[in-house]
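# Analysis of the macromolecular model
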Amino acid sequence: MKGNGDPAFWAKAKAHLVRYGGAFSPVIAASAKGNYFTDADGRRILDFTSGQMSAILGHSHPEIVEVAQRSIAELDHLYSTLLSRPVVELAALIAEIAPGALDRVLLVSTGGESNEAALRMAKLVTGCHEIVAFSRSWHGVTGGAASATYSSSRRGYGPGQPGALVLPAPDTYRSRFIDQRGVYDWRSELDFGFELVDRQSTGALAACIAEPILSSGGVLEPPEGYVAALAEKCRERDMQLIFDEAQTGLGRTGHLFACERDGVVPQYLTLSKTLGAGLPLAAMLTTPEIEDIVAERGFLFYTTHASDPLPAAVGLKVIEVILREGLSARAARLGERLKAGLLALQQRYDCIGDVRGRGLLLGVDLVKDRRTKAPDAELAQHVARECLALGMMTSVVRGGFGIFRIAPPLTIEPHEIDLGLEIFDQALGRATH
Ligand SMILES: Cc1ncc(COP(=O)(O)O)c(C=O)c1O
């Protein structure tokens, strides 16, 4: 039997694969094209997770295929001090579209790496080492990024880096700073968070790292005004600000960069997942003033794949397609259609406690009881299994919540949004009856 149930495949997987993130999905992916992948039983499965939140142009976009094929044949990988045209062109293009004066760009491979680079730079330029991050953050699994990550388990790996300080994540649904009338007093929460930061700090605050919408933490969208107030808190303390736009960058939220909604330009901005649209490519952006200072101090972030031409050529094409096709505006438009559909489902299913998010990055929070807002993690897993059985891939965030993270490719068609909603409806029906 060569389908999803192929015992030889699963036996080999069990014998030879490290389980790096819990259980594997129970189907075998055979191919992927557009907004679907096909499994080993020949079923087309709607990809409502854009791969790992990355394939914003869908799978095997013809222009990406063409660039990748040409690039692997002509200019693939080089010694890391050797520059090539795709790298310089991509850096210039990113600087051109980025907010503010974030004109200097480092090109690497993964989100964790790009954050690591920003954290190291902030430490070198400030001479300080304390890093503040949200209590539901995800910035990667490498040393510095993992120390600033609180939405995955930190247990079992010994101490993180010294000076890791935590700020309450802005949770408009479950914050303890929501009063009886349902009003979220985020200013008091932020003041309280920084009161604790100031108490813990040894006077060595280097930076605050934040996702403009906390994705892995449960699609937590800070209220309007919050991000600007956070930036002000950092300014008051001479701390630098790093925005991690791994998931929110390049159109997904309806803006090219999510921080544009908030009118805040950080000292560092990192891009990853969406920049390569599924290929490993990441960028760290900063200002010329900062880069000049750290260059003089001997900044080192020398990696095997820094400034690799092949992924850079792909990144150039990704941005070209996003701009040419107006995919940010498309994400805003189709996001409204998707959100309206999810809100309509909320009217019919008591288990949907909250629907939130922006553009094509939405969260659906399943609860046992709307009054207590107790998360229903088990139900969410059940619904996710039903979705897959019905032909749609979904993602439930980690950490004991029952939160679906819905992030289809920006190339999704209106009828595919409707199909996704129909499948979600059926899956909820099956799981709750
Ligand atoms: C916001 C954010 N930053 C960083 C990362 C880490 O990226 P990578 O897994 O490419 O290292 C992730 C991964 O999920 C992420 O969601």
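Preceding this paragraph is the structure being described.
To keep things clear, this report deals only with the structure shown in the data block.

Conventions adopted
Residues numbered from 1 in each chain as written. Predicted model: local features only at pLDDT ≥ 70, side-chain atom pairs only at ≥ 80, totals over all residues. Heavy atoms only, no water. Helix = DSSP H or I, 4+ residues; strand = E, 2+ residues; numbered from the N terminus. Expected span 1.5 Å × (residues − 1). Buried < 20%, exposed > 50% of the residue type's maximum accessible area, 1.4 Å probe, protein only. Arc of directions from axis to C-beta. Pairing = 2+ DSSP bridges. Salt bridge = Lys/Arg side-chain N within 4 Å of Asp/Glu carboxyl O.

## Concerning helix α7 (residues 186–200)
Residues that lie three or four places apart on an α-helix share one face, since the helix turns once every 3.6 residues. With 15 residues, α7 should reach 21 Å at 1.5 Å per residue; the first-to-last C-alpha distance of 21 Å fits that figure. Residues Trp186, Glu189, Leu190, Gly193, Phe194 and Val197 constitute the buried set of α7. The arc that holds every buried residue of α7, seen down its axis, measures 125°, which confines them to one face. For α7, the exposed residues set more than 90 degrees away from the buried face come down to Arg187 and Arg199.

## What to know about helix α5 (residues 111–126)
Compared with the 22 Å implied by 1.5 Å per residue over 16 residues, the 23 Å span of α5 between its first and last C-alpha is a close match. Burial within α5 is extensive, with twelve of its 16 residues counted as buried. Buried within α5 are the following residues: Gly111, Gly112, Glu113, Ser114, Asn115, Glu116, Ala117, Ala118, Leu119, Met121, Ala122 and Val125.

## Focus on the pairing of strand β7 (residues 205–210)
Among the six residues that make up β7, six are buried, leaving the element largely enclosed by the rest of the structure. One ladder, built from four bridges, connects strand β5 (residues 130–134) with β7; its direction is parallel. Looking at β7, one finds that Ala133 is bridged to Ile209. As paired elements, β7 and strand β8 (residues 240–244) share four bridges and run parallel to each other.

## Let's talk about the pattern of salt bridges
What the rule picks out here adds up to 26 salt bridges. Salt-bridge contacts for Glu320 lead to Lys317; the nearest nitrogen and oxygen are separated by 3.2 Å. You can see Glu320 and its partner Lys317 sitting in helix α11 (residues 309–324), three residues apart, about one turn around the helix. According to the relative accessible area criterion, Glu320 is partly exposed, its value standing at 35%. Here Lys317 falls in the buried class, since its relative accessible area comes to 15%. Overlapping salt bridges, with partners in common, bring together Glu63, Lys317, Glu320, Arg324 and Glu325 in one network.

## Quick notes on unusual backbone geometry
Excluding glycine, most residues fall at negative phi; most peptide bonds, likewise, are trans. Despite not being glycine, Asp238 shows a phi value in the positive range, around 55°. Tracing the chain through its elements places Asp238 in the loop between α8 (226–236) and β8. Even without glycine at this site, Lys373 takes up a positive phi of about 60°. Tracing the backbone through its elements, the reader meets Lys373 in the loop between β12 (361–369) and β13 (374–375).

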